Amino acid sequence: SQQGEEDPQALSIQEGENATMNCSYKTSINNLQWYRQNSGRGLVHLILIRSNEREKHSGRLRVTLDTSKKSSSLLITASRAADTASYFCATVGSSNTGKLIFGQGTTLQVKP
Amino acid sequence: EPEVTQTPSHQVTQMGQEVILRCVPISNHLYFYWYRQILGQKVEFLVSFYNNEISEKSEIFDDQFSVERPDGSNFTLKIRSTKLEDSAMYFCASDPRGQETQYFGPGTRLLVL
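What you see is a predicted model; the values in this text were computed from it and never measured.

About the thresholds
Residues numbered from 1 in each chain as written. Chains lettered and ligands numbered in written order. Predicted model: local features only at pLDDT ≥ 70, side-chain atom pairs only at ≥ 80, totals over all residues. Heavy atoms only, no water. Helix = DSSP H or I, 4+ residues; strand = E, 2+ residues; numbered from the N terminus. Rg over C-alpha atoms; globule rule 2.2 N^0.38 Å. Buried < 20%, exposed > 50% of the residue type's maximum accessible area, 1.4 Å probe, protein only. Contact = heavy atoms within 4.5 Å. Areas by Shrake-Rupley, 256 points an atom, 1.4 Å probe, with all protein chains shown as cover. Lys, Arg positive; Asp, Glu negative; His and termini not counted. Charge placed at Lys NZ, Arg CZ, Asp CG, Glu CD. Phe/Tyr/Trp six-rings, centres within 6.5 Å; stacked < 30°, edge-to-face > 60°. Patch = residues over 30% accessible without salt bridge, like charges linked within 9 Å, V, L, I, M, F, W, Y side chains within 5 Å. Salt bridge = Lys/Arg side-chain N within 4 Å of Asp/Glu carboxyl O. Disulfide = S-S within 2.5 Å. Buried area = accessible area lost by both parts, 1.4 Å probe. Polar contact = N/O pair within 3.5 Å; in protein donor to acceptor, adjacent residues only side chain to side chain. Pairing = 2+ DSSP bridges.

> What am I meant to see in the overall build of chain A here?
Helix and strand counts for chain A stand at zero helices and 11 strands. The secondary structure elements of chain A, listed N-terminal to C-terminal, are β-β-β-β-β-β-β-β-β-β-β. For chain A, the C-alpha radius of gyration of 13 Å lies close to 13 Å, the compact-globule estimate for 112 residues. For the C-alpha atoms alone, the extent of chain A along its principal axes is close to 45 × 30 × 20 Å. A total of 112 residues make up chain A; the buried ones form 47% of that total. Intrachain contacts of chain A at a sequence separation of at least 6 include 55% that bridge at least 24 residues. In the form shown here, chain A has an accessible surface area of approximately 5200 Å², with 44% of it arising from carbon and sulfur atoms. In chain A, which carries 13 positive and 9 negative side-chain charges, the distance between the mean positions of the two groups comes to 6 Å.

Structure representation (C-alpha coordinates):
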(Lines give C-alpha, C1' and ligand atoms only; values in the text may rest on other atoms or scores of the structure.)
Protein backbone atom coordinates (compact mmCIF):
# COMPACT_ATOMS: atom_id res chain seq x y z
CA SER A 1 0.00 0.00 0.00
CA GLN A 2 1.31 3.43 -0.89
CA GLN A 3 -0.47 5.15 1.93
CA GLY A 4 0.42 5.04 5.57
CA GLU A 5 -1.36 6.55 8.46
CA GLU A 6 -2.89 9.83 9.39
CA ASP A 7 -2.88 11.07 12.91
CA PRO A 8 -4.65 11.86 14.95
CA GLN A 9 -7.73 9.92 13.87
CA ALA A 10 -9.89 12.43 15.69
CA LEU A 11 -9.22 15.93 16.96
CA SER A 12 -11.45 18.19 19.01
CA ILE A 13 -10.51 21.83 19.60
CA GLN A 14 -12.08 25.15 20.52
CA GLU A 15 -12.82 27.81 17.94
CA GLY A 16 -9.81 30.05 17.45
CA GLU A 17 -7.27 27.34 18.19
CA ASN A 18 -4.97 25.84 15.59
CA ALA A 19 -5.44 22.30 14.30
CA THR A 20 -2.58 20.16 13.06
CA MET A 21 -3.05 16.90 11.18
CA ASN A 22 -0.28 14.60 10.05
CA CYS A 23 0.01 12.13 7.22
CA SER A 24 2.63 9.55 6.37
CA TYR A 25 3.11 7.59 3.18
CA LYS A 26 5.29 4.75 2.03
CA THR A 27 6.47 5.17 -1.54
CA SER A 28 7.87 7.98 -3.66
CA ILE A 29 5.35 10.55 -4.77
CA ASN A 30 4.79 13.14 -7.46
CA ASN A 31 2.62 15.27 -5.21
CA LEU A 32 0.48 15.16 -2.09
CA GLN A 33 -2.96 16.68 -1.81
CA TRP A 34 -5.27 17.46 1.09
CA TYR A 35 -9.02 17.14 0.80
CA ARG A 36 -11.88 17.98 3.08
CA GLN A 37 -15.12 16.04 3.40
CA ASN A 38 -18.17 17.19 5.29
CA SER A 39 -20.21 14.34 6.70
CA GLY A 40 -21.65 12.22 3.90
CA ARG A 41 -20.73 14.75 1.24
CA GLY A 42 -18.22 15.05 -1.58
CA LEU A 43 -14.51 15.76 -1.41
CA VAL A 44 -13.28 19.31 -1.68
CA HIS A 45 -9.71 19.93 -2.75
CA LEU A 46 -7.78 22.13 -0.34
CA ILE A 47 -4.17 22.25 -1.44
CA LEU A 48 -1.58 20.41 -3.52
CA ILE A 49 2.12 20.30 -2.67
CA ARG A 50 4.65 18.89 -5.10
CA SER A 51 7.50 16.60 -4.14
CA ASN A 52 10.05 19.37 -4.70
CA GLU A 53 8.21 21.79 -2.40
CA ARG A 54 8.59 21.92 1.36
CA GLU A 55 5.85 24.28 2.41
CA LYS A 56 2.77 25.87 0.94
CA HIS A 57 0.16 28.29 2.19
CA SER A 58 -3.41 28.97 1.20
CA GLY A 59 -5.39 31.34 3.38
CA ARG A 60 -5.54 29.80 6.85
CA LEU A 61 -3.98 26.56 5.61
CA ARG A 62 -0.33 25.68 5.82
CA VAL A 63 0.99 22.41 4.43
CA THR A 64 4.46 21.01 4.88
CA LEU A 65 6.08 18.09 3.13
CA ASP A 66 9.14 16.17 4.26
CA THR A 67 10.02 13.65 1.57
CA SER A 68 12.93 12.27 3.60
CA LYS A 69 10.48 11.25 6.33
CA LYS A 70 7.65 10.59 3.86
CA SER A 71 5.32 12.76 5.86
CA SER A 72 3.14 15.84 5.54
CA SER A 73 1.23 18.04 7.91
CA LEU A 74 -1.79 20.28 7.49
CA LEU A 75 -2.16 23.22 9.84
CA ILE A 76 -5.43 25.12 10.04
CA THR A 77 -4.96 28.36 11.92
CA ALA A 78 -7.63 30.25 13.85
CA SER A 79 -10.13 27.44 13.39
CA ARG A 80 -13.84 28.06 12.99
CA ALA A 81 -16.84 25.87 13.72
CA ALA A 82 -17.34 25.63 9.95
CA ASP A 83 -13.98 23.83 9.69
CA THR A 84 -15.59 20.80 11.34
CA ALA A 85 -15.12 17.99 8.80
CA SER A 86 -12.91 15.04 7.91
CA TYR A 87 -9.57 15.82 6.35
CA PHE A 88 -7.75 13.40 4.07
CA CYS A 89 -4.31 13.41 2.58
CA ALA A 90 -3.88 11.70 -0.76
CA THR A 91 -0.74 10.96 -2.70
CA VAL A 92 -0.08 10.78 -6.40
CA GLY A 93 2.72 8.37 -7.22
CA SER A 94 5.27 8.44 -9.97
CA SER A 95 3.08 6.58 -12.49
CA ASN A 96 1.42 8.90 -14.95
CA THR A 97 -2.13 7.74 -14.33
CA GLY A 98 -2.60 10.29 -11.59
CA LYS A 99 -4.54 8.02 -9.25
CA LEU A 100 -4.93 9.30 -5.70
CA ILE A 101 -4.19 7.01 -2.76
CA PHE A 102 -6.03 8.26 0.30
CA GLY A 103 -5.24 7.97 3.96
CA GLN A 104 -7.79 7.10 6.64
CA GLY A 105 -8.39 10.73 7.46
CA THR A 106 -8.63 12.88 10.55
CA THR A 107 -12.01 13.88 11.89
CA LEU A 108 -11.84 17.44 13.18
CA GLN A 109 -14.43 18.92 15.48
CA VAL A 110 -14.24 22.62 16.21
CA LYS A 111 -16.40 23.65 19.14
CA PRO A 112 -17.90 27.14 19.09
CA GLU B 1 -17.16 27.82 -11.68
CA PRO B 2 -17.24 24.51 -13.59
CA GLU B 3 -17.93 21.44 -11.51
CA VAL B 4 -18.22 17.69 -11.81
CA THR B 5 -21.78 16.44 -11.63
CA GLN B 6 -23.04 12.94 -10.85
CA THR B 7 -26.40 11.24 -11.22
CA PRO B 8 -28.27 9.80 -9.50
CA SER B 9 -27.45 11.10 -6.04
CA HIS B 10 -28.89 7.91 -4.51
CA GLN B 11 -29.54 4.49 -6.00
CA VAL B 12 -31.11 1.48 -4.34
CA THR B 13 -30.91 -1.83 -6.18
CA GLN B 14 -31.37 -5.52 -5.62
CA MET B 15 -28.39 -7.84 -5.47
CA GLY B 16 -27.58 -9.17 -8.93
CA GLN B 17 -28.98 -6.18 -10.77
CA GLU B 18 -26.97 -3.95 -13.07
CA VAL B 19 -26.43 -0.31 -12.21
CA ILE B 20 -24.99 2.54 -14.22
CA LEU B 21 -23.61 5.54 -12.42
CA ARG B 22 -23.22 8.67 -14.47
CA CYS B 23 -20.77 11.53 -14.30
CA VAL B 24 -20.20 14.67 -16.30
CA PRO B 25 -16.58 15.74 -15.81
CA ILE B 26 -15.34 19.29 -16.27
CA SER B 27 -15.35 19.93 -20.00
CA ASN B 28 -11.68 20.60 -20.78
CA HIS B 29 -10.31 17.91 -18.46
CA LEU B 30 -8.54 14.93 -19.97
CA TYR B 31 -8.22 12.46 -17.07
CA PHE B 32 -11.16 10.81 -15.38
CA TYR B 33 -11.42 8.65 -12.30
CA TRP B 34 -13.84 6.63 -10.21
CA TYR B 35 -13.37 6.12 -6.49
CA ARG B 36 -15.55 4.55 -3.85
CA GLN B 37 -15.95 5.02 -0.14
CA ILE B 38 -17.59 2.35 1.98
CA LEU B 39 -19.36 3.91 4.96
CA GLY B 40 -16.86 4.87 7.63
CA GLN B 41 -13.85 3.87 5.58
CA LYS B 42 -11.30 5.67 3.45
CA VAL B 43 -11.70 6.60 -0.19
CA GLU B 44 -10.45 3.86 -2.53
CA PHE B 45 -9.27 4.22 -6.11
CA LEU B 46 -11.17 2.13 -8.67
CA VAL B 47 -10.06 3.17 -12.13
CA SER B 48 -8.44 5.93 -14.17
CA PHE B 49 -9.36 6.72 -17.77
CA TYR B 50 -7.47 8.71 -20.37
CA ASN B 51 -7.64 8.99 -24.13
CA ASN B 52 -10.70 6.73 -24.25
CA GLU B 53 -9.12 3.83 -22.46
CA ILE B 54 -8.44 2.59 -18.96
CA SER B 55 -4.99 3.69 -17.85
CA GLU B 56 -5.00 1.95 -14.47
CA LYS B 57 -7.41 -0.08 -12.38
CA SER B 58 -7.34 -1.41 -8.87
CA GLU B 59 -7.94 -4.95 -7.63
CA ILE B 60 -11.47 -3.89 -6.71
CA PHE B 61 -12.22 -3.15 -10.36
CA ASP B 62 -12.92 -6.72 -11.45
CA ASP B 63 -14.85 -8.05 -14.46
CA GLN B 64 -18.12 -6.86 -12.94
CA PHE B 65 -17.06 -3.26 -13.43
CA SER B 66 -16.71 -1.30 -16.64
CA VAL B 67 -16.32 2.32 -17.62
CA GLU B 68 -17.29 4.15 -20.72
CA ARG B 69 -17.16 7.61 -22.18
CA PRO B 70 -20.01 7.22 -24.67
CA ASP B 71 -19.92 10.81 -25.90
CA GLY B 72 -17.86 13.93 -25.34
CA SER B 73 -19.36 14.70 -21.97
CA ASN B 74 -20.52 11.67 -20.00
CA PHE B 75 -18.36 9.19 -18.11
CA THR B 76 -20.14 6.12 -16.76
CA LEU B 77 -19.39 3.34 -14.31
CA LYS B 78 -21.35 0.13 -14.79
CA ILE B 79 -21.59 -2.64 -12.25
CA ARG B 80 -22.95 -5.67 -14.06
CA SER B 81 -24.20 -7.81 -11.21
CA THR B 82 -24.21 -5.95 -7.93
CA LYS B 83 -23.22 -7.55 -4.64
CA LEU B 84 -24.06 -6.47 -1.12
CA GLU B 85 -20.47 -5.35 -0.63
CA ASP B 86 -20.77 -2.90 -3.55
CA SER B 87 -22.82 -0.66 -1.26
CA ALA B 88 -20.80 2.52 -1.00
CA MET B 89 -20.53 6.13 -2.08
CA TYR B 90 -19.08 6.32 -5.58
CA PHE B 91 -17.18 9.44 -6.58
CA CYS B 92 -16.21 10.57 -10.03
CA ALA B 93 -13.29 12.95 -10.44
CA SER B 94 -11.59 14.74 -13.30
CA ASP B 95 -8.19 16.32 -13.72
CA PRO B 96 -7.06 18.68 -16.48
CA ARG B 97 -3.67 17.17 -17.26
CA GLY B 98 -3.07 14.19 -14.98
CA GLN B 99 -1.14 14.31 -11.70
CA GLU B 100 -2.83 17.58 -10.87
CA THR B 101 -5.71 18.65 -8.66
CA GLN B 102 -8.64 16.30 -9.01
CA TYR B 103 -12.11 17.78 -8.88
CA PHE B 104 -14.66 15.47 -7.32
CA GLY B 105 -18.35 15.18 -7.94
CA PRO B 106 -20.84 15.04 -5.07
CA GLY B 107 -21.06 11.25 -5.27
CA THR B 108 -23.71 8.60 -5.81
CA ARG B 109 -24.74 6.65 -2.75
CA LEU B 110 -25.39 3.07 -3.86
CA LEU B 111 -27.27 0.67 -1.62
CA VAL B 112 -27.48 -2.97 -2.66
CA LEU B 113 -30.18 -4.99 -0.91
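> Can you walk me through the packing of aromatic side chains in this structure?
Two aromatic rings, taken as a pair, are described by how far apart their centres are and by the angle between their planes. Evaluated as defined, the whole model comprises 14 aromatic pairs over all chains. One aromatic cluster is present, formed by Tyr35(A), Phe88(A), Phe102(A), Tyr33(B), Tyr35(B), Phe45(B), Phe91(B) and Phe104(B) through successive ring pairs.

> I tried to follow a nonpolar patch on the surface on my own but got confused; where do I start?
Residues and elements named next belong to chain B. Together, Val12, Leu111 and Leu113 line one region of the surface with nonpolar side chains, adding up to about 270 Å² of accessible area. Its place among the elements puts Leu111 in strand β11 (residues 108–112). Take Leu111: its relative accessible area is 39%, and that puts it in the partly exposed class.

> When you look at the state of the cysteines in this model, what are you seeing that I'm missing?
Each disulfide consists of one covalent bond between the sulfur atoms belonging to two cysteines. All names here are of chain B. The tally for this structure, following the rule as stated, stands at two disulfides over all chains. Paired by a disulfide, Cys23 and Cys92 hold their sulfur atoms 1.9 Å apart. Every disulfide takes its handedness from the sign of the S-S torsion; for Cys23 and Cys92 that torsion is -60°, giving left-handed. Separated by 69 residues along the polypeptide, Cys23 in strand β3 (residues 19–24) and Cys92 in strand β9 (residues 88–95) bring together distant segments of the chain. Pair check on accessibility: Cys23 and Cys92 agree, each one buried.

> Would you take a moment to explain the interface of chain B and chain A for this structure?
One widely used convention gives an interface's size as the accessible area the parts lose upon coming together. Taken residue by residue, the interface counts 20 residues in chain B and 25 residues in chain A. Of the roughly 1800 Å² buried where chain B meets chain A, counting both sides, 50% is carbon and sulfur surface. Among the residues chain B hides against chain A, the three largest losses belong to Lys42(B), Gln99(B) and Phe104(B). Together they make up 35% of the total. In this structure, Glu56(B) engages Lys99(A) in a salt bridge whose closest nitrogen and oxygen atoms are separated by 2.7 Å. Here chain B is connected to chain A by eight residue pairs in polar contact (both at pLDDT 80 or more). When contributions to the side of chain B that touches chain A are tallied by element, the ones reaching two or more residues are β4 (31–37), β5 (43–50), β6 (53–57) and β9 of chain B. If you tally residues by element for the side of chain B that touches chain A, the top one is β4(B), at four residues.

> What is the right way to look at the side chain of Gln33(A) in this model?
All names here are of chain A. With respect to the helices and strands, the residue Gln33 is situated in strand β4 (residues 29–37). Look at Gln33 and you get buried, because its relative accessible area is 0%. Here the side chain of Gln33 touches Tyr35 through a polar contact of 2.7 Å, side chain to side chain.

> Would you explain the pairing of strand β3 (residues 19–25) of chain A in this entry?
On a regular strand, one side chain projects to one face of the sheet and the next to the other, so that they alternate. All names here are of chain A. Every second residue of β3 is oriented toward a common face, the buried set being Ala19, Met21, Cys23 and Tyr25 and the non-buried set Thr20, Asn22 and Ser24. Relative to strand β8 (residues 71–76), β3 runs antiparallel, the two sharing six bridges. The residue bridging Asn22 from the neighbouring strand is Ser73, located in β8.

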